[in-house]
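Chain residues, written in single-letter form:
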Amino acid sequence: MAYKQVAGTNFPLATNLYAPIAQSRLPHLAQNDVSATMPAMSTIWLKPEHRPLEPYAIDVAAGILANLGPMVRQHAPAPSCGIVSDSIVAKHHLAAAVASLQSAGYRVVEFVFPAGEANKTLATVSRGLDCFLAARLERKSPIVALGGGVVGDLAGFIAATLLRGVPFVQVPTSLLAAVDASVGGKVGVDHAVGKNLIGAFHQPRAVICDVELLRSLPDVELRCGLAECVKHGIIRDVVLLEFIAANTQDIFRRDAKILTDLIAQNVRIKAAIVSEDPFEHGVRALLNLGHTFGHALEVVIGYENLKHGEAVALGTVAAAHVAVQRKMLSPQDAHYIERLLQSLGLPTRLAAMDINDVLAAMAGDKKVVDGRLRLILPTGLGAAVIIDSASAAEVRSGLEYLITGPICG
Ligand code: GLY
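Scope of this entry: the structure provided in the associated data block. All figures in this text were calculated on a predicted structure; none of them were measured in a lab.

What follows deals with the overall build of the protein. Along the backbone of the protein there are 15 helices and twelve strands. Of all 409 residues assigned to the protein, the portion counted as buried reaches 59%. Pairs at least 24 apart in sequence give 76% of the contacts found in the protein among residues at least 6 apart. In the form shown here, the protein has an accessible surface area of approximately 15400 Å², with 56% of it arising from carbon and sulfur atoms.

Dropping the structure here:
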């Protein structure tokens, strides 16, 4: 089904309240040889408040793929490791990643599957498990996920289930994976009934994010990552929204410093929320802003026609509309959100859709609690709430707005 791509507009640049992020050096890297060859890096720690989860670092810098092997070895020493990637990412980055892992002494077992959300299935997981079991990976052998959100989710699920759980390291190659999917331990695959319905929580030992890898990322994928960045800004941090608005051009130029700052700001928000609520019993649900609508749109419109980030953008607009109807969000703030998404080239309207199909798909979502639909609604720029009692009429109104709502000028 077609959807209207609203062209980028001249979003008025808001005052940039952003203060540069202090570059930090990792104590754990300073203890060994790796630090000597490291470029400047932003490091964010995710420190879960709940035992037995272990803290881990998210390192963000340009050029750190070259040090992948020594960095993985720090977190998961073993004779062998597995690496999971998809057919597109593998063409660009697999050889360098494998060379670095081998230089650190690993026997490397590769599992590459055809790119695309349609392959994020139990069947692909099964093939990956066959591959790693046949190659006799051991319980200490880490699985390295080299790719975007699909690769990270799938590789993480393999790591969670292989030999009842092996170490796992995320190496995100898309903005979406860097700012969201690689952090927080949600791993899994899709089912015909809905997205991400089969999975586990399996935290990585480390997240190693090389912003240079985003150079080969198509603009459409960069936009999808920005949809998740806007989500983080809406729920927690207006300064992040201002930063995105003020630095859009540099983000699309893939300026390494701006991308490092952007990713670090997002990861800080995500790490703080996941630290507080790793298993999504409460506040972590805020990270699902736009996702209840978005997942259903993806299922109905088809993964090949609507990317996850695009669906999140549409879902965020629908959620903002519901919040305005409830008088929880000012029309001005809803307008700001929509204009920002438009300025990034993200879709905010659909040409048409079968609303009944979308409602049916929403009923199959994980976010149905006791038969009631859970929605995350923005209440301002930097604030959102969890609503457990969204009515069918409200949800319908949010979806209708995507088709018939006046386009913000
Ligand atoms: N992507 C939402 C979460 O990790 O909770």
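We now examine the layout of surface pockets. There is about 330 Å³ of room inside the second largest pocket. Among the residues forming the lining of the second largest pocket, the class breakdown is ten nonpolar, two polar and two charged.

A pair can form between side chains of opposite charge whenever their charged atoms are brought close. Applying the stated criterion across every chain yields a total of 18 salt bridges. We note a salt bridge from Glu298 to Lys195, for which the minimum N-O separation is 3.4 Å. With a gap of 103 residues between them, Glu298 in helix H11 (residues 291–301) and Lys195 in strand S8 (residues 194–201) connect regions that are remote in the sequence. In this structure Glu298 comes out as buried when scored by relative accessible area, which is 1%. One connected set of salt bridges, linked through shared partners, spans Glu117, Lys120, Asp153, Asp190, Lys195 and Glu298.

Taken together, Asp180, Lys186, Lys270, Arg284 and Leu287 make up the full set of residues adjacent to the ligand. The contact in question runs from a nitrogen atom of the ligand to an N or O atom on the side chain of Asp180, over 3.1 Å. In the environment of the ligand, an oxygen atom lies 2.6 Å from a nitrogen or oxygen atom belonging to the side chain of Lys270. Here the shell around the ligand is composed, by residue class, of one nonpolar, no polar and four charged.

Next up on the list: the side chain of Ser182. You can see Ser182 is positioned in the loop between helix H6 (175–181) and strand S7 (186–191). Among the polar contacts made by the side chain of Ser182, one reaches the main-chain carbonyl oxygen of Ala177 at a distance of 2.7 Å.

Here is what the cut-offs are and how they apply
Residues numbered from 1 in each chain as written. Predicted model: local features only at pLDDT ≥ 70, side-chain atom pairs only at ≥ 80, totals over all residues. Heavy atoms only, no water. Helix = DSSP H or I, 4+ residues; strand = E, 2+ residues; numbered from the N terminus. Buried < 20%, exposed > 50% of the residue type's maximum accessible area, 1.4 Å probe, protein only. Contact = heavy atoms within 4.5 Å. Areas by Shrake-Rupley, 256 points an atom, 1.4 Å probe, with all protein chains shown as cover. 1 Å grid on protein atoms, 1.4 Å probe; cavity = no way out; pocket = protein on both sides within 12 Å on 5 of 7 lines; lining within 4 Å. Points joined across faces, edges and corners; volume = space filled by probe spheres on them. Nonpolar A, V, L, I, M, F, W, Y, C, P; charged D, E, K, R; others polar. Salt bridge = Lys/Arg side-chain N within 4 Å of Asp/Glu carboxyl O. Near = heavy atom within 4 Å. Polar contact = N/O pair within 3.5 Å; in protein donor to acceptor, adjacent residues only side chain to side chain.

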